[in-house]
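# A look at the structure
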Amino acid sequence: MKLKFFGATGEVTGSKSMLSIGQEKYFIDYGLYQGNSKARQKNWEEKDFSDVNAVFLTHAHIDHSGLLPRLAKSNFNGVIYCTTATYQLCRILLEDSAHIHQEDAKYINKKGFSRHKPAQPLYSTEDAHQILSQFKVVRFNEWVKISDLIEIKFHWAGHILGSSFIEVKGNDDDGEKTIVFSGDIGHPRGIALKGPENLVECDYLVLESTYGDKIHPRLESKEMLKLHLNSILLRKGVAIIPAFSVGRTQDILILINQLILEKKIPDVPVVLDSPLSKKANKIFLVNKNTKYIKDHVKSLNNGKVFPEKLRLVQTVQESISINSMSGPMIIVSASGMLDGGRVVHHLKKRVSEKENGIILVGYQPIGTKGRYLLDGYKMLRLHKQEFKVNASIFYINSLSAHGDYLDMMEWIKKSKVKPYLTILNHGEQRPTRHLKDVLNSCLGMNVTIAKNEEEFYLPSIKGNNK
């Protein structure tokens, strides 16, 4: 039984791990690299994975699922196993991602930016549709037999709708061993979702480390959002909130609605400018009362989930018209890292006006426009133009759907599980090193950090942890 890492090593995107058992090969996640151009270039690497039997998908976020259409282009004919909500979200996320790649290629060709003539999209909507036809939905907490050598079980991870950590039980010539792949683990302070199930008994644990050196404020996110919104709205400015379409946008809209209902912020126009977020809202509203999700979703505002006067923008023309509107106003738009999408156009219009404000509400990897704002850059390059940053920049880090390192420690400690080895991935170098140190010193765990294309022969790793 071997485990090899092909992404999310020393960084927080591009998650993909390969488990080999006997002659069979399985991917756990197959995510898109995001961030700076060097990271994105990795998405174009050609690899032949036609011999891979299946993919086990922890959740729908693009950094875990977004390269699946590219996998289809490499003659992968296997099955992608995931939960119902993960499939529903992947349907809109992968189609949207393909559309963006196609539109970007058209724009680049029109402007002549590319060295390649013509520039090609990373993948097409046809590729997305092909890979979606290979999905197979499974239920939480039920064993699924994949082959004579392997079976899997999905457990609630508390990150976004459908998110899971996956228990994999393998049995080959080396005997039976259990591996848990954490995916992204949430926490019990989520706005809409309940915290993750307890970690289950395992021999090996692959654990994310996104916030491995951070402690999220235990202050209410709603109070922080109220403070920042009022500082912008009361000076008649426009508040721009870049937010990921799945999970974060719904949390933000829920909080804005609560603040309006409680009369803690002015009842100003709230604009959601993201067709993808609009679709994700519908999936959230449909699923929150379904049998398989109800146990994971909190009771919200007596059923009044989103602002009553929420304006949903669909067309490009509608989006452009927002730029002629004056404040006070709230604009929620994607992407959450300001690395593309409609929010960039709103930023170009508003970032140089001092009455406005940008409220960053998610993780901002190195090299993204959001990170530049967070780090205090006074000039921002958008669409080959320079813009002076005069707007106020705010950051709310308590809204993260990831647990911090105290949450991770508590999640493991409650379970009383001590794997032979814990392998950290999906984190930048500093947080990953910090999480390794605290798990080792505080919980006595045997911990290592995954390196790109590093392979572990698992049966050879045994210790005194268990």
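Residues numbered from 1 in each chain as written. Predicted model: local features only at pLDDT ≥ 70, side-chain atom pairs only at ≥ 80, totals over all residues. Heavy atoms only, no water.

### Structural notes on the packing of helix H12 (residues 405-415) against helix H13 (residues 429-443)
Packed helices, taken two at a time, are described by the angle their axes make and the gap between the axes. Here H12 crosses H13 at 40 degrees, and the two axes come no closer than 11 Å. Taken together, the axis directions place H12 and H13 in an arrangement best described as oblique. At the point where H12 passes H13, the crossing takes the right-handed sense. Contacts from Tyr405, Met408, Met409, Ile412 and Lys413 in H12 reach His434, Leu435, Val438, Leu439, Cys442 and Leu443 in H13. Of the residues belonging to the contact of H12 with H13, the class tally is nine nonpolar, one polar and one charged. (Axes fitted to C-alpha atoms, helices over the stretch in contact; angles between N-to-C directions. Helix = DSSP H or I, 4+ residues; strand = E, 2+ residues; numbered from the N terminus. Parallel < 35°, antiparallel > 145°, perpendicular 65-115°, else oblique. Left-handed = near helix turned anticlockwise from the far one by under 90°. Contact = heavy atoms within 4.5 Å. Nonpolar A, V, L, I, M, F, W, Y, C, P; charged D, E, K, R; others polar.)

### Some points on helix H6 (residues 221-233)
In an α-helix, one turn spans 3.6 residues; hence positions three or four apart end up facing the same way. Here H6 is 13 residues long and its end C-alpha atoms lie 18 Å apart, about the 18 Å a rise of 1.5 Å per residue gives. Taken together, the buried positions of H6 are occupied by Ser221, Lys222, Met224, Leu225, His228, Leu229, Asn230, Ile232 and Leu233. Lining the buried residues of H6 we find strand E12 (238-242), helix H7 (248-261), strand E15 (329-333), strand E16 (357-360) and strand E19 (392-395). (Expected span 1.5 Å × (residues − 1). Buried < 20%, exposed > 50% of the residue type's maximum accessible area, 1.4 Å probe, protein only.)

### Details of the packing of aromatic side chains
Applying the stated rule across the entire model yields 15 aromatic pairs. Centre to centre, the rings of Phe6 and Phe27 are 5.9 Å apart; their planes meet at 70 degrees, and the pair counts as edge-to-face. Placement of the pair is Phe6 in the loop between strand E1 (2-5) and strand E2 (17-21) and Phe27 in strand E3 (residues 24-28), with a sequence separation of 21 residues. Here Phe27 falls in the buried class, since its relative accessible area comes to 0%. By way of ring pairs, the aromatic residues Phe6, Phe27, Tyr30 and Phe49 are connected into one cluster. Over the ring of Tyr30 we find Lys16; its NZ or CZ atom is 5.3 Å from the centre of that ring. (Phe/Tyr/Trp six-rings, centres within 6.5 Å; stacked < 30°, edge-to-face > 60°. Lys NZ or Arg CZ within 6 Å of the ring centre and 35° of its normal.)

### Looking at the pairing of E3
Extensive coverage of E3 is indicated by the burial of four of its five residues. Across five bridges, E2 lies against E3 in antiparallel orientation. Bridging across to E3, Ser17 finds its partner in Ile28. From the end of E2 to the start of E3, which pair antiparallel, there are two residues, and Gly22 there has a positive phi angle of about 65 degrees. In this structure, E3 lies alongside strand E4 (residues 54-56), joined through three bridges in parallel fashion. Opposite Phe27, over in E4, you have Val55 as the bridge partner. (Pairing = 2+ DSSP bridges.)

### So, the side chain of Asn356
Relative to the helices and strands, Asn356 resides in the loop between helix H10 (343-350) and E16. What makes Asn356 buried here is its relative accessible area of 2%. A polar contact of 2.8 Å, which involves the side chain of Asn356, links it to the backbone nitrogen of Val238. Residue contacts for Asn356: discarding those within four places in its chain leaves Ile232, Arg235, Gly237, Val238, Arg350, Ala391 and Ser392. (Polar contact = N/O pair within 3.5 Å; in protein donor to acceptor, adjacent residues only side chain to side chain.)

### Considerations on the sheet that holds strand E13 (residues 270-273)
Taken together, the six strands give an open sheet; going across it, the order is E14-E13-E15-E12-E16-E19, and neighbouring strands pair in parallel fashion. Only two strands of the sheet have a single partner each, and these edge strands are strand E14 (311-313) and E19. Neighbour to neighbour, the strand axes of the sheet diverge by 20 degrees on average, direction disregarded.

### Concerning the nonpolar core
Of all hydrophobic cores here, the largest spans 102 residues; its most connected members are Phe56, Phe135, Leu229, Ile241, Ile256 and Ile330. Setting aside anything within four residues of it in sequence, one finds Ile241 in contact with Leu225, Leu229, Ile252, Ile256, Ile330, Ile331, Val332, Ser333, Ile359 and Val361. Counting residues in hydrophobic clusters, the runner-up holds 22 residues, among them Val180, Met408, Leu424 and Val438. (Core = buried A, V, L, I, M, F, W, Y, C linked by side-chain atoms within 4.5 Å.)

### Here's the deal with H12
Buried within H12 we find Tyr405, Asp407, Met408, Met409, Trp411, Ile412 and Ser415. Where H12 is buried, its residues touch strand E9 (164-172), strand E11 (204-208) and H13. Put simply, Asp404 is the residue that caps the front of H12, since its side-chain oxygen is 3.1 Å from the backbone nitrogen of Leu406. Phi for Lys416, located one or two positions after H12, is positive at around 60 degrees.

### Digging into the state of the cysteines
As enumerated under the stated definition, the model contains zero disulfides in all. Here Cys82 stays unpaired: no disulfide links it, and the sulfur of Cys90, its closest cysteine neighbor, is 6.0 Å away. There is no disulfide at Cys202, and the cysteine sulfur nearest it, in Cys442, is 19 Å away. Taking relative accessible area as the criterion, Cys202 reaches 1% and is therefore assigned buried. (Disulfide = S-S within 2.5 Å.)

### Regarding the pattern of salt bridges
Side-chain pairs of opposite charge can arise whenever the charged atoms involved come near each other. Tallied over the entire structure, the rule returns 21 salt bridges. The partner of Arg139 in a salt bridge is Glu142, and the shortest N-O contact between them spans 3.7 Å. Among the residues examined, Arg139 registers a relative accessible area of 60% and is labelled exposed. According to the relative accessible area criterion, Glu142 is partly exposed, its value standing at 39%. Across the pair Arg189 and Asp407 runs a salt bridge whose closest N-O atoms are separated by 2.9 Å. You can see Arg189 sitting in the loop between strand E10 (175-181) and E11 and its partner Asp407 sitting in helix H12, a full 218 residues away along the chain. Among the residues examined, Arg189 registers a relative accessible area of 27% and is labelled partly exposed. (Salt bridge = Lys/Arg side-chain N within 4 Å of Asp/Glu carboxyl O.)

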